Amino acid sequence: MTDNAKVVAILTAMKEAIDENAQFLTDLDAAIGDNDHGINMARGFKKVEADLPGVAAKDIGAILKKVGMDLVSTVGGSSGPLYGTAFMKAGAKTAGKMEIGMDDFLVMIDEAIGGVQMRGKAVAGEKTMLDAMMPARDAMKAAAAEGKGVREVLDAGVAAAEAGVEYTKTIIATKGRASYLGERSIGHQDPGATSFTVLLKAIASAY
Ligand code: ADP
Ligand code: MG
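All values derive from a computational prediction rather than experimental measurement.

**Q** I would appreciate a short explanation of the coordination of the magnesium ion (ligand 2) in the present structure.
**A** Four donors placed tetrahedrally around a metal ideally meet at 109.5 degrees, and six donors placed octahedrally ideally meet at 90 or 180 degrees. The coordination sphere of the magnesium ion (ligand 2), as far as protein atoms go, consists of Asp29 (OD), Asp34 (OD) and Asp36 (OD), spread over 2.0 to 2.2 Å. Sequence positions of the residues that donate to the magnesium ion (ligand 2) give the spacing D-x4-D-x1-D. By relative accessible area, which is 31% here, aspartate 34 ends up partly exposed.

**Q** When you look at unusual backbone geometry in this model, what are you seeing that I'm missing?
**A** Note on backbone geometry: most residues besides glycine have negative phi, and most peptide bonds are trans. Phi at lysine 121 is positive, roughly 55°, even though this residue is not glycine. Its identity as a non-glycine residue notwithstanding, lysine 127 has a phi of 65°, on the positive side. When you line up the elements, lysine 127 lands in the loop between helix H5 (102–120) and helix H6 (130–145).

**Q** Can you walk me through the site of ligand 1 in this structure?
**A** Among the 21 residues in the neighbourhood of ligand 1, the closest are listed as Asp34, Ser78, Ser79, Asp190 and Gly192. Between an oxygen atom of ligand 1 and a side-chain N or O atom of aspartate 29, the distance comes to 3.1 Å. The separation between an oxygen atom of ligand 1 and a polar side-chain atom of asparagine 40 is 2.9 Å. When the free accessible area of ligand 1 is taken as 570 Å², the share hidden by the protein chains comes to 93%. When contributions to the shell around ligand 1 are tallied by element, the ones reaching two or more residues are helix H2 (37–55), helix H4 (79–92), H5 and helix H8 (191–206). Broken down by element, the residue count for the shell around ligand 1 peaks at three residues, all from H8.

Here is what the cut-offs are and how they apply
One numbering rule holds for all chains: residues counted from 1, following each sequence as written. To read the labels, note that chains go from A and ligands from 1, taken in the order they are written. The predicted origin of the model limits local features to residues at a pLDDT of at least 70 and limits the giving and counting of side-chain atom pairs to 80 or more, whereas totals for whole chains, interfaces and linings rest on all residues. By convention in this description, side-chain values take in all heavy atoms of the structure and omit both hydrogens and water. Here the term donor refers to an N, O or S atom within 2.8 Å of the metal (or 3.2 Å for Na, K and Ca), and because water is left out of the atoms, sites may appear incomplete. Residue burial is assigned from relative accessible area. The probe radius is 1.4 Å, only protein chains are included, and a residue is buried under 20% of its type maximum, exposed over 50%, and partly exposed in between. Under the DSSP-based scheme used, a helix requires at least four consecutive residues in state H or I and a strand at least two consecutive residues in state E, with every element numbered from the N terminus. Residues are classed as near a molecule or strand on a simple rule: at least one heavy atom within 4 Å of it. As used in this structure description, the phrase polar contact means that two N or O atoms lie within 3.5 Å; if the pair is within protein, one of them must be able to donate a hydrogen and the other to accept it, and residues adjacent in sequence are counted only when both atoms belong to side chains. Computed with the Shrake-Rupley method and a 1.4 Å probe, the accessible areas treat only the protein chains shown as cover for residues.

In structure tokens:
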């Protein structure tokens, strides 16, 4: 089980991972977007970290709701509302909970994906963050259904997200700024799929 203190520790690890990868994420966005994805995400998680002490004693739903609101208000771009909605949706499913287990986490990731799709209207294969999120979710559900432990479930999710990022190199962007490039977006990995993988790795390593 994961309690609210552990959730705060995981969110702090996510912030650090985004900082470490900020330049890389921005460079990826320079190739097929507008050169700001890492800057956007780092700004958002800086605000998240600053606000964590104020919500750390609250239930997991309240913590994640605050994270979502911070990301919506500070990240900007397309990814701010998308990641913000993802965290708010995950928080809505954990309202009042001081502890969560793997089943809760799998519901949260489903909700997060639903939130991204509600906001961004993208489906699989459009070269977005969903191309890492959806395979990660599927792999984690499959591993959990096989009775695997948390560590193995998260590792399976990270491996599938990484494969999803590789897949984004092979497809044309049809959503977001990268879609303006059409076929020229082929060969480049999606920044948002990459940032999701960075975040999931941080969850797995801090768990
Ligand atoms: P912007 O494109 O507005 O500058 P960012 O650079 O912060 O925003 O984020 C770009 C990322 O957002 C893309 O790499 C992609 O993964 C994601 N993205 C853009 N549009 C969508 C969408 N409609 N659905 C899902 N993800 C999207
Ligand atoms: Mg951008």
